[in-house]
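Here are the chains, one letter per residue:
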Amino acid sequence: MSKTIIELRYLLGTLMLSFGVVGFYVGGLWNWLGTLGFVFVVLLDMALPQDDKPRNSDASGFQNFVLYIQLPFIITLWLMFAQMLSTGLSSGVEIAGAILSLSFLSALGGLPPAHELMHRRDKFARFYCSLYLTIFLLPMNDAGHVRGHHLTVGTSKDSDTPRRGELVYTFAFRSIWGQLMDSLAMERDRLQRHNRPLWVPKGRFFQSVVKLVVWLALWFSIAGVGSLPILIVTIAILYLVLGGFNYTQHYGLIRLPDEPIEPRHSWNQLKPLSRGLSFEISNHSEHHLVPTRFYTDLKPYPDAPQMPSIALCFLAAFVPPIWERYFVRPRLEHWDKHYASDAERALALEANKLAGWD
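Within every chain, residues take consecutive numbers counted from 1 along the sequence as written. Per-residue local features of the predicted model are confined to residues with pLDDT of at least 70, and side-chain atom pairs are confined, for both listing and counting, to 80 or more; whole-chain, interface and lining totals are unaffected and use all residues. Water and hydrogen atoms play no part in the side-chain values, which are based on all heavy atoms of the structure.

**Re the overall build of the protein chain**
Item 1. Secondary structure summary: the protein chain contains 15 helices and zero strands in total.
Item 2. For 358 residues, the compact-globule formula gives about 21 Å, and the C-alpha radius of gyration of the protein chain, at 20 Å, lands near that figure.
Item 3. The proportion of buried residues among the 358 residues of the protein chain is 53%.
Item 4. Any pair of residues with heavy atoms lying within 4.5 Å of one another is described as a contacting pair. Residue pairs in contact within the protein chain that sit at least 24 positions apart in sequence constitute 74% of those at least 6 positions apart. Going along the chain from the N terminus, every DSSP run of H or I of four or more residues is numbered as a helix, and every run of E of two or more is numbered as a strand. In this description the radius of gyration comes from C-alpha coordinates, and the expected globular size is given by 2.2 Å times residues to the power 0.38. Each residue is assigned to one of three classes by its accessible area relative to the maximum for its type, calculated with a 1.4 Å probe on protein chains only: buried under 20%, partly exposed between the two thresholds, exposed over 50%.

**Structural notes on helix 5 (residues 92-118)**
Item 1. A helix is expected to span 1.5 Å multiplied by its residue count minus one. Counted at 1.5 Å a residue, the expected span for helix 5 with its 27 residues is 39 Å, and the 37 Å between its end C-alpha atoms agrees.
Item 2. In the structure, helix 5 departs most strongly from a straight axis at Gly 110, where the bend amounts to approximately 25 degrees and where the proline Pro 112 lies between one and four residues downstream.
Item 3. Where burial is concerned, most of helix 5 is hidden: 22 out of the 27 residues are buried. Fitting one axis to the seven residues ending at a residue and another to the seven starting there, the bend at that residue is the angle between the two axes.

**Looking at the pattern of salt bridges**
Item 1. Throughout this description, the term salt bridge denotes a Lys or Arg side-chain nitrogen within 4 Å of a carboxyl oxygen of Asp or Glu. For the structure shown, the criterion picks out 13 salt bridges.
Item 2. A salt bridge links Arg 204 to Asp 142, with the nearest nitrogen and oxygen atoms 2.8 Å apart. Here the residue Arg 204 occupies a position in helix 9 (residues 204-223), and Asp 142 occupies one in helix 7 (residues 141-152), the gap between them amounting to 62 residues.
Item 3. The class for Arg 204 is partly exposed, based on a relative accessible area of 24%.
Item 4. As a salt-bridge pair, Arg 164 and Asp 336 come within 2.9 Å of each other at their nearest N and O atoms. Remark: Asp 336 occurs in helix 14 (residues 320-338) and Arg 164 occurs in the loop between helix 7 and helix 8 (168-193); sequence separation between them is 172 residues.

**Considering a nonpolar patch on the surface**
Item 1. The residues that make up patches have over 30% relative accessible area and no salt bridge, and they are joined within 9 Å when like-charged or within 5 Å when they are Val, Leu, Ile, Met, Phe, Trp or Tyr. Note on areas: Shrake-Rupley with a 1.4 Å probe; residue coverage comes only from the protein chains shown. Taken together, Val 22, Tyr 25, Val 26 and Trp 30 make up a surface patch of nonpolar side chains, about 490 Å² in accessible area.
Item 2. Here Tyr 25 shows up in helix 2 (residues 12-26).
Item 3. Judged by its relative accessible area of 70%, Tyr 25 is exposed.

**Considering helix 3 (residues 33-47)**
Item 1. The end-to-end C-alpha distance of helix 3 is 21 Å, a good match for the 21 Å that 15 residues give at a rise of 1.5 Å each.
Item 2. Where helix 3 is concerned, the buried positions are Gly 34, Thr 35, Gly 37, Phe 38, Val 41, Val 42 and Asp 45. Looking straight down helix 3, one finds that the buried residues subtend no more than 160 degrees of arc, so they occupy a single side. Set apart from the buried face of helix 3 by more than 90 degrees, the exposed residues are Leu 36, Phe 40, Leu 43 and Ala 47.
Item 3. Residues of helix 3 that are buried in the fold lie against helix 2, helix 5, helix 10 (228-250), helix 11 (272-277) and helix 13 (310-317). Directions pointing from the helix axis toward each C-beta atom define the arc.

**As for the packing of helix 6 (residues 123-135) against helix 9**
Item 1. Where helix 6 meets helix 9, the closest approach of the two axes is 10 Å, and the angle between their N-to-C directions is 50 degrees. By the angle class used here, helix 6 and helix 9 are oblique. Relative to helix 9, the crossing made by helix 6 is right-handed. Within the contact between the two elements, helix 6 uses Phe 127, Ser 130, Thr 134 and Ile 135 and helix 9 uses Lys 211, Leu 212 and Trp 215.
Item 2. Taken together, the residues of the contact of helix 6 with helix 9 break down into four nonpolar, two polar and one charged. Angular values range over 0 to 180 degrees, each being the angle between N-to-C directions of two axes fitted as lines to C-alpha atoms, with helices fitted over their stretch in contact. By definition in this entry, angles of less than 35 degrees are roughly parallel, angles greater than 145 are roughly antiparallel, angles of 65 to 115 are roughly perpendicular, and the rest are oblique. By convention, the crossing between two helices is left-handed when the near helix turns anticlockwise from the far helix through less than a right angle, and right-handed when the turn is clockwise. Side-chain classes are defined by residue name, with Ala, Val, Leu, Ile, Met, Phe, Trp, Tyr, Cys and Pro counting as nonpolar, Asp, Glu, Lys and Arg as charged, and the others, Gly among them, as polar.

If you want it as C-alpha cells, here you go:
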C-alpha cells in the first residue's frame, strides 16, 4: 500500500468530525450522521485484515498537523450543539442523535490527539492537550495519566486498569475520578514542595479552573442556563464513551507492582482503521515501553496479547455477556497460560474467583 494512503488514514478522525459538522448544520435526523459514521467504521474495520506493519513515517509536517486540526472541529460541534439547544426547535429524537454523535465524535476526535500531545516534552503541545481535555471538563487529567497510569499499569493501584468482571459502566466513572484525584494530589504535592498553595495563579489547578470557566461561560452564553440538565446527560454519555475505549486497553491484565512493564501487559488492536483513528495508540505494548515515542514510530507487536478492532471492542464492552464470553475470557485464559509469570498467574486465579469465573 502506498505511503500516501497510509498517511491519509490519520485524517479519518477529521473526516468523521466533518461529517458531524455537516449533520448538525443540516439538522433534523441528520444529527445522527456522526453516530452512523461510527457504526460504518466499526463494520469496515472488522472486515479489513490485520495490519501489523510499521509505519516508519517522518515525525514532522503532516503527522504533527493532524494532531492539532481536530480541536477546531470539536469546538465547532459543541457550539453548534449549544445553538441547537438555544432554539428549542429540535425533537427528542433529534437531540438524542446530536448527543450520541457529539459524544462519539468528541471521543474519537479528541482523545487520541490529546493522548499523543500529553506525552510530548514541549509546553505548547501539552497546553494544546489541555484544551482538548477542557472540552471534556478534565483539563488536568493528563498528569494522572502520564505520571500515574504509566507507572502503575496492570496493578491494583491503577484506576485505568479494569478488573476482571468489572463492568464498563462502573469502570468509566471510576477511572475518570481516579485520574482526577491522582492529578490533584500530584499538583498539590508539587506546589507544596515549593511552599505554594493549590490556588497559586501559575499552578495547573488554578489555570484549569480558568479554562473551565471560560469554556462553560462561552457554551452557556449560547445554549442558555436552562440547558444544564442536557449538558450533564451529554457529559455522562461522553464519559461512558471515553471509558469504553479506555476499557479495552488493559482489561483484566495483571502486573506485580515491582515488576517491569512488558509487552504482555497491554492489549494490542492492530486493525488498519483502529490504528489510523487512534494515532497508533492501538500499538499499546510499544507505547507503554516508550511513552514519549512519536506515534508513527511505534512498533507493532503481533506476538503480544491481541484484541480485535478497537471500535468493535468498544461496542462489545457495553454488552457484558458478549464481551466476557466471546472477547475477554478466552483471551485472558490464554494470557494466564502463555503470558503470565507464576506470580501473575496466582494473582489471576484470585481475580477470576472475585469475578465469579470458573
